[in-house]
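The lines below spell out each chain.
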Amino acid sequence: MTDSRPTALITGASRGIGRAIALKLAPRWNIVALARTASELESLAEDIRKDGGACEPIVVDVTDGRAVRSALDGRHVDVVVNNAGVGVMKPFVELTPDEWQLMMDVNVNAVYHVTHAVLPGMIRRGRGHVVIIGSISGKSGFAGGTAYAATKFAVNGFAESLMLEVRDAGVKVSVVMPGSVATSFSRTGRDQSWKLMADDVAASVEFLLDAPQRMLVDRIEMRPLNPPRKT
């Protein structure tokens, strides 16, 4: 790692939005990349290193509290981006208990585990930033989204409450709430060109981190711009 750079820890960093965030921040930040797939993490690390950046890949299941604590204990982290997420979209009566639990574990419980591991150090240093990748679904439900939307509503409540707890300690808490993003997360086989891109979400995270220390942007809502209509 390059000691002169601050450190950004990103969960779900091996693909999609998480990978885009890691690549966006890598020119100026040391990256600690968390995900479950070693090969994809190594690919990310290689891409960052060949451009002169520093990336430490850590294979860990962020829903496993003990594993997270073991991986992150004592680490100096300036920014944590809680990006890992999963969604199973189907009618509630078809939703299995395992699918429900999976979304609660990845989208909510993992945010607790990772944030709880690194936040005390931020508070001690009087500086830090907790970023959570939420969703527009955190303010408006949709058919087929009983579990997914519930997790994103939960994230918003968590983030707002935590922000009020730690802002006087100099620690920022922000939620990024994108609309539809063209990633493998939402792959349907249909045209994806109208959606936001993963790099758009990464740009919003970069904007948050570049804001003056005295300024707290606690929520960003972003949607795709309607494509021009053909005449």
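Residues numbered from 1 in each chain as written. Predicted model: local features only at pLDDT ≥ 70, side-chain atom pairs only at ≥ 80, totals over all residues. Heavy atoms only, no water.

Draft legend 1. Just the sheet that holds strand β2 (residues 30–35), in detail. One open sheet holds the 7 strands; their spatial order is β3-β2-β1-β4-β5-β6-β7, and the pairing between them is parallel. Only two strands of the sheet have a single partner each, and these edge strands are β3 (55–59) and β7 (219–222). Pairwise comparison of adjacent strand axes, ignoring direction, gives a mean angle of 15° for this sheet. Pairing of strand β5 (residues 128–133) with strand β6 (residues 171–178) involves 6 bridges; the strand directions are parallel. Paired with His129 across the bridge in β6 is Lys172. On top of the sheet, helix α2 (residues 38–50) reaches β2 and β3; it is set at about 175° to β3, its chief contact. Of the strands in this sheet, β4 (79–82), β5, β6 and β7 are in contact with helix α6 (residues 198–210), which crosses β5 at around 160°. (Pairing = 2+ DSSP bridges. Helix = DSSP H or I, 4+ residues; strand = E, 2+ residues; numbered from the N terminus. Axes fitted to C-alpha atoms, helices over the stretch in contact; angles between N-to-C directions. Contact = heavy atoms within 4.5 Å.)

Draft legend 2. Main features of helix α5 (residues 146–166). For α5, with 21 residues, the first-to-last C-alpha span of 30 Å sits near the 30 Å given by 1.5 Å per residue. Taken residue by residue, α5 has Ala147, Tyr148, Ala149, Thr151, Lys152, Val155, Asn156, Ala159, Leu162, Met163 and Val166 as its buried positions. On its buried side, α5 packs onto α4 (97–125), β5, β6 and β7. (Expected span 1.5 Å × (residues − 1). Buried < 20%, exposed > 50% of the residue type's maximum accessible area, 1.4 Å probe, protein only.)

Draft legend 3. Spatial organisation of the layout of surface pockets. Taken as a whole, the second largest pocket holds about 240 Å³ of empty space. In terms of lining, the second largest pocket is formed by 13 residues, of which the most central are Trp29, Val79, Arg127, Leu209 and Gln213. (1 Å grid on protein atoms, 1.4 Å probe; cavity = no way out; pocket = protein on both sides within 12 Å on 5 of 7 lines; lining within 4 Å. Points joined across faces, edges and corners; volume = space filled by probe spheres on them.)

Draft legend 4. A look at the side chain of Asp78. Within the secondary structure, Asp78 is located in the loop between α3 (65–72) and β4. Within the structure, the side chain of Asp78 is placed 2.7 Å from the backbone nitrogen of Thr7, a separation counted as a polar contact. Setting aside its immediate chain neighbours within four residues, Asp78 contacts Pro6, Thr7, Trp29, Met122, Gly128 and His129. (Polar contact = N/O pair within 3.5 Å; in protein donor to acceptor, adjacent residues only side chain to side chain.)

Draft legend 5. The packing of α3 against α4, seen in detail. Running from N to C, α3 and α4 cross one another at 30°; their axes reach a closest spacing of 9 Å. The angle between α3 and α4 falls in the class roughly parallel. Considering how the two elements wind past one another, α3 and α4 form a crossing that is right-handed. On the side of α3, the interface is formed by Gly65, Val68 and Leu72, while α4 contributes His113, Val114, Ala117 and Val118. (Parallel < 35°, antiparallel > 145°, perpendicular 65-115°, else oblique. Left-handed = near helix turned anticlockwise from the far one by under 90°.)

Draft legend 6. A look at the packing of helix α1 (residues 16–25) against α2. Packing of α1 against α2 brings their axes to within 10 Å, and their N-to-C directions diverge by 20°. When the axes of α1 and α2 are compared, the pair comes out roughly parallel. Between α1 and α2 the crossing geometry is right-handed. Residue-level contacts link Arg19, Ala22 and Leu23 of α1 to Glu40, Ser43, Leu44, Asp47 and Ile48 of α2. Of the residues in the contact of α1 with α2, the class split is 4 nonpolar, 1 polar and 3 charged. (Nonpolar A, V, L, I, M, F, W, Y, C, P; charged D, E, K, R; others polar.)

Draft legend 7. Highlighting empty space enclosed by the protein. This model, assessed by the stated rule, comprises 1 cavity of 30 Å³ or more. The computed volume of the largest cavity comes to approximately 30 Å³. Looking at the largest cavity, the residues that line it are Thr11, Val62, Asn82, Asn83, Ala84, Val106, Ala110, Val111 and Val114. With 4 residues, the single largest contributor to the lining of the largest cavity is α4. Of the residues contributing to the lining of the largest cavity, the split by class is 6 nonpolar, 3 polar and no charged.

Draft legend 8. Up close: the pairing of β7. The alternating pattern of β7 places Ile220 and Met222 on a buried face, while none of Arg219 and Glu221, on the opposite face, is buried. Across 4 bridges, the pairing between β6 and β7 is parallel. Its bridge partner lying in β7, Met177 is registered against Glu221.

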